[in-house]
Amino acid sequence: MKVDGKDMRTIWLEPDGWSVGIIDQTALPHQFTTVRLSSVQDVARAIATMQVRGAPLIGATAAYGVALALRADASDEALERACTTLAATRPSAVNLKWALDEMVAVVRNRPREERLAAAYRRAAEICDEDVAINQAIGRHGANLIGAIAANRAGHPAQVLTHCNAGWLATVDFGTALAPIYVAHDRGAAVHVWVDETRPRNQGAALTAWELGQHGVPHTVIADNTGGHLMQHGMVDMVLVGADRVTADGDVCNKIGTYLKALAAKDNGVPFYVGLPSPTIDFSLSDGAAEIPIEQRTADEVATVTGRTVDGRVEKVRIVPEGSTVANYGFDVTPARLVSGLITERGVIEPRRDALAAAFAERAQAAR
Ligand code: MRU
């Protein structure tokens with residue numbers, strides 16, 4: 001995608017050929033800064049503090065984290081330590097575990113002197129595969145949006161999204177936002193309702209920023225607005241990303257997604273999820289019972305960060321001192337509320353047999 005007109009990915013190898021560059025997403029939308037990661041500790045910190053976030057990008061960054069760990073020490077013990085450290089950073093997005101498993105698979109049975117090159121090669125492939133997957137998701141999902149736009153007699157198709165499942169959450173293009181970009185680029189009129197997505201405001205800060213960079217019309221709304229818009233016919237489709245999807249099609253995504261799905265069901269609005277196949281966890285079936293839900297610090301709920309009128313970025317407290325705060329990062333939307341899963345292999349019904357037929361090799365490997 002373009003930043004100020006220049007093509008960029010969210011993660012890259014620096015000119016030295018071994019350290020890893022990322023965009024510091026905690027500084028957006030007020031500042032565009034990049035960070036150089038040169039050790040597995042740097043990578044773990046970047047993921048845990050959400051300088052990088054979004055399930056696919058967490059996986060891609062962790063893959064480079066393994067390469068950086070092996071650069072320092074190519075032993076089995078170092079590999080295991082790196083995977084344990086990285087796996088502990090964010091528990092809900094299964095792409096992290098998937099990427100670590102991929103890295104271990106290419107490294108484990110090689111002599112030490114071959115491990116480093118193999119690790120960098122696989123990390124780069126994981127990034128390139130993510131880009132290709134997201135482009136395919138974009139094409140499949142854009143057909144749905146295009147069909148809506150064609151029936152709107154000149155009015156834009158109205159899509160509501162939650163959190164950030166755009167190019168910032170992936171290596172490029174995004175998952176839920178990829179269909180929007182493709183539909184927009186094909187000339188369809190699309191307008192996006194952007195949930196602000198408290199507590200970390202990924203919608204207000206990141207989704208709004210990247211849609212703006214691409215010139216897609218959008219409106220940021222308070223998180224509780226979606227139901228009202230749906231009751232008044234102002235949403236044609238809800239389109240969100242996912243951090244983990246079970247073999248039965250339950251969808252774990254940013255906290256608040258489930259409430260949007262309930263409102264969508266009550267109002268007959270289709271609810272779609274854009275996801276790459278590494279987000280499917282074929283080892284789980286009942287999402288609400290089985291998916292680990294990340295709980296983050298109270299500080300994220302008790303404070304907000306923004307830019308003051310004189311241009312300083314500041315954090316202010318909005319909760320009384322002494323009040324107890326809870327911060328659940330994700331929730332699970334049951335498959336019965338999901339209209340379809342937009343994947344790189346097409347739009348799939350959220351059912352075990354449909355998912356297993358579309359991704360037979362992954363379903364079998366999990367048995
Ligand atoms: O906590 P975050 O910002 O990592 O959460 C991101 C989301 O919930 C996204 O919707 C999800 O990872 C899909 S990203 C393509």
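Residues numbered from 1 in each chain as written. Predicted model: local features only at pLDDT ≥ 70, side-chain atom pairs only at ≥ 80, totals over all residues. Heavy atoms only, no water.

1. As for the packing of helix 3 (residues 76-87) against helix 4 (residues 94-107)
Now for step 1: Packing of helix 3 against helix 4 brings their axes to within 10 Å, and their N-to-C directions diverge by 170°. With respect to each other, helix 3 and helix 4 are oriented roughly antiparallel. Of the residues in helix 4, those in contact with Leu-79, Cys-83, Leu-86 and Ala-87 of helix 3 are Leu-96, Leu-100, Val-104 and Val-107.
Now for step 2: By residue class, the composition of the contact of helix 3 with helix 4 is eight nonpolar, no polar and no charged. (Axes fitted to C-alpha atoms, helices over the stretch in contact; angles between N-to-C directions. Helix = DSSP H or I, 4+ residues; strand = E, 2+ residues; numbered from the N terminus. Parallel < 35°, antiparallel > 145°, perpendicular 65-115°, else oblique. Contact = heavy atoms within 4.5 Å. Nonpolar A, V, L, I, M, F, W, Y, C, P; charged D, E, K, R; others polar.)

2. A look at the sheet that holds strand 10 (residues 244-246)
Now for step 1: What the four strands build is an open sheet, ordered 13-10-11-16; its pairing is mixed. At either margin of the open sheet sits one strand with a lone partner, and together these are strand 13 (280-281) and strand 16 (330-333).
Now for step 2: When strand 11 (residues 251-254) meets strand 16, the two strands line up antiparallel, connected through four bridges. Across the sheet, the residue bridging to Cys-252 is Val-332, located in strand 16.
Now for step 3: Against the sheet, helix 9 (residues 257-266) touches strand 11 and strand 16, its axis set at about 30° to strand 16. (Pairing = 2+ DSSP bridges.)

3. Re unusual backbone geometry
Now for step 1: In the segment running from Leu-28 into Pro-29, the intervening peptide bond is cis, with an omega of 5°.
Now for step 2: With respect to the secondary-structure elements, Pro-29 resides in the loop between strand 4 (20-23) and strand 5 (34-37).
Now for step 3: The omega torsion across Arg-198 and Pro-199 is 10°, close enough to zero to call that bond cis.

4. A look at a nonpolar patch on the surface
Now for step 1: Taken together, the side chains of Tyr-258, Leu-259 and Leu-262 define a hydrophobic patch exposed on the protein surface, amounting to about 260 Å² of accessible area.
Now for step 2: Tracing the backbone shows Leu-262 in helix 9. (Patch = residues over 30% accessible without salt bridge, like charges linked within 9 Å, V, L, I, M, F, W, Y side chains within 5 Å. Areas by Shrake-Rupley, 256 points an atom, 1.4 Å probe, with all protein chains shown as cover. Salt bridge = Lys/Arg side-chain N within 4 Å of Asp/Glu carboxyl O.)

5. Some remarks on the packing of aromatic side chains
Now for step 1: Counted under the stated rule, the structure contains two aromatic pairs.
Now for step 2: Plain terms: the ring middles of Tyr-64 and Tyr-120 are 6.2 Å apart, the flat faces sit at 55° to each other, and that makes the pair tilted. Here Tyr-64 is found in helix 2 (residues 55-72), whereas its partner Tyr-120 is found in helix 5 (residues 112-150), with 56 residues between them in sequence.
Now for step 3: Directly above the aromatic system of Trp-18 lies the positively charged group of Arg-71, at a separation of 3.6 Å from the ring centroid.
Now for step 4: A cation over an aromatic ring shows up here: Lys-254 above the ring of Phe-330, its NZ or CZ 4.1 Å from the ring centre. (Phe/Tyr/Trp six-rings, centres within 6.5 Å; stacked < 30°, edge-to-face > 60°. Lys NZ or Arg CZ within 6 Å of the ring centre and 35° of its normal.)

6. Topic: the pattern of salt bridges
Now for step 1: Taken as a whole and judged by the stated rule, the model has 26 salt bridges.
Now for step 2: Across the salt bridge formed by Asp-128 and Arg-9, the nearest N and O atoms sit 2.8 Å from each other. Here Arg-9 lies in the loop between strand 2 (6-7) and strand 3 (11-13) and Asp-128 lies in helix 5, a separation of 119 residues in the sequence.
Now for step 3: The partly exposed category is assigned to Arg-9, whose relative accessible area is 31%.
Now for step 4: Across the salt bridge formed by Asp-195 and Lys-260, the nearest N and O atoms sit 3.8 Å from each other. Taken together, the residues Asp-195 in strand 7 (residues 190-195) and Lys-260 in helix 9 connect sequence positions 65 residues apart. (Buried < 20%, exposed > 50% of the residue type's maximum accessible area, 1.4 Å probe, protein only.)

7. Side note on the site of the ligand
Now for step 1: Close to the ligand lie 19 residues; Arg-90, Gln-202, Asp-243, Asn-253 and Lys-254 are nearest.
Now for step 2: Residue Gln-202 places a side-chain N or O atom 2.9 Å away from an oxygen atom belonging to the ligand.
Now for step 3: In the complex, the protein chains occlude 100% of the 420 Å² of accessible area that the ligand would expose alone.
Now for step 4: Within the residue set of the shell around the ligand, elements represented by two or more residues are helix 2 and strand 11.
Now for step 5: Taken together, the residues of the shell around the ligand break down into eight nonpolar, seven polar and four charged.
Now for step 6: Split by domain, the residues of the shell around the ligand number at least three in each of domain 1 (2-129) and domain 2 (137-365). (Near = heavy atom within 4 Å. Polar contact = N/O pair within 3.5 Å; in protein donor to acceptor, adjacent residues only side chain to side chain. Domains from an automatic or database assignment.)

8. Regarding the state of the cysteines
Now for step 1: All chains considered together, the criterion is met by zero disulfides.
Now for step 2: Left unpaired, Cys-83 is separated from the closest cysteine sulfur, that of Cys-127, by 16 Å.
Now for step 3: With a relative accessible area of 12%, Cys-83 lands in the buried category.
Now for step 4: Lacking any disulfide linkage, Cys-252 is separated from the closest cysteine sulfur, that of Cys-163, by 11 Å. (Disulfide = S-S within 2.5 Å.)

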